[in-house]
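Okay, here's what each chain looks like letter by letter:
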Amino acid sequence: RDLQQNGFFFVLQVTYRSVQTWEPKSFLNSSKAGGVVYNYTALSIESAYPVLHALGQVQGSVMTASRQDEIKTPEMTPWGAPLVWGDSPNSAWRRAKFGQQGIQTGLFVLVVGTYTRFIKRFLTSAETHFLPGKMVTYYILTDSPGSLEPLIELGPERQMKVLPVAELPGWDRLSYRRMPLLADAIKDPIGSEVDYIFCADVDQEFVAPVEEEILGDLVATLHPELYGMQRSVYPYEDDEGSFAFVEEEEGEYYYTSELYGGLVSEMYKLARACSVLLFQDQANGVTARGLEESYLNRYLIDHRPTCVLSPEYSWWDSQMVFFSLPTNPVLRARLPRGVKTEESR
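Residues numbered from 1 in each chain as written. Predicted model: local features only at pLDDT ≥ 70, side-chain atom pairs only at ≥ 80, totals over all residues. Heavy atoms only, no water.

Per an unreviewed UniProt entry, the chain goes by Globoside alpha-1,3-N-acetylgalactosaminyltransferase 1-like and derives from Gouania willdenowi. For the chain, the Subcellular location (unreviewed entry) comment in UniProt is given as "Membrane". The record in UniProt for the chain states the following under Sequence similarities (unreviewed entry): "Belongs to the glycosyltransferase 6 family." (UniProt positions renumbered as here; feature names shortened; annotations may be inferred.)

Let's talk about the side chain of Ser91
As for its placement among the helices and strands, Ser91 is situated in helix α2 (residues 89-99). Overall, the relative accessible area of 0% leaves Ser91 in the buried class. Here Ser91 is in contact with Val84, Trp85, Gly86 and Glu213, once residues within four sequence places are set aside. (Helix = DSSP H or I, 4+ residues; strand = E, 2+ residues; numbered from the N terminus. Buried < 20%, exposed > 50% of the residue type's maximum accessible area, 1.4 Å probe, protein only. Contact = heavy atoms within 4.5 Å.)

Re helix α5 (residues 264-283)
The terminal C-alpha atoms of α5, which comprises 20 residues, lie 28 Å apart, in line with the 28 Å expected from a rise of 1.5 Å per residue. Every buried residue of α5 is accounted for by Val264, Met267, Leu270, Ala271, Cys274, Ser275, Leu277, Leu278 and Asp281. Where α5 terminates, the next one or two residues include Gly285, which has phi positive at roughly 70°. (Expected span 1.5 Å × (residues − 1).)

As for the UniProt feature "binding site: an alpha-L-fucosyl-(1->2)-beta-D-galactosyl derivative" (unreviewed entry) in the chain
Following the UniProt record, the feature "binding site: an alpha-L-fucosyl-(1->2)-beta-D-galactosyl derivative" (unreviewed entry) maps to His223, Glu293 and Asp317 here. Within the secondary structure, His223 is located in the loop between β11 (218-222) and β12 (255-263). Of the polar contacts made by the side chain of His223, one reaches the backbone nitrogen of Glu225; its length is 3.1 Å. In this fold, Glu293 is placed in helix α6 (residues 292-302). A distance of 2.9 Å separates the side chain of Glu293 from the backbone nitrogen of Ser257, its partner in a polar contact. (Polar contact = N/O pair within 3.5 Å; in protein donor to acceptor, adjacent residues only side chain to side chain.)

What to know about the side chain of Glu127
The residue Glu127 is located in helix α3 (residues 119-129) in this model. A polar atom in the side chain of Glu127 sits 2.8 Å from the backbone nitrogen of Gly155. If near-sequence neighbours (up to four positions away) are discounted, Glu127 is found in contact with Tyr138, Ile152, Glu153, Leu154, Gly155 and Arg158.

Here it is as structure tokens:
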């Protein structure tokens, strides 16, 4: 990697062998990738990576990549946890396993400032696709509860609970506050009301069924821009002075902070631990490069997920994605995630 004054430059060449053995169902228009080799050579683009935008590190920068991918859809992580692709036989088995257990699930979103404009679309899509027909409680943390009612009519065994919070302006502040707010909310009231809790960004929409295949003790989602890339490219925290710091030999995957979850007990441990690390860094005047996402990845290296969701569970169109998704996305960002405008912050 050659550092330049206004950005950075890197060249990658990665080759994978396909292990895909099933045919993806068509939810949206997308390419089937079984055995197909994708070639990208000297493709110059503006970086869309949200961590870099958040820190103002990509102004005027251009990223050039060269890589050859044969996209694969493995169904197990190196430590033996299921890697879930939405329409695979393994996912069907997981849906059958959890489907008859009468599970109550929560979906947690932070809706503050201008993000209130996303909530109706998010809930409408969730009512259609997120655990359809199952017991779901939407936990909406917001600084403007009056603007959320009425929203939409919920189905049977679905409910919404609005949890007021103080105003939290600014995207970077939201990224730092969500973990502590999640921990507090799980302690009361979430922990006594549901079995599982999932945390999602509200500026997304569900576009295909998300069912019981996502359930697990501790669930993380692979970052869509970084899936299939070499470990050396992952934007783990590299400041040794940060409590989110990751050694060069650590980490198999890079996870997105836009969808993660699990048992309420495990999510409470995660949110509490990440909050402690975050506050320790703040006290020392340290800012992690990925904000909340840096602490999430640090925690998930130390406490490996028991279930990993493929990038289709938090997909968004980005110039940084150098491959066609071998299946179809089920949760798609409403805005290009690397191009957060002032209006969306």
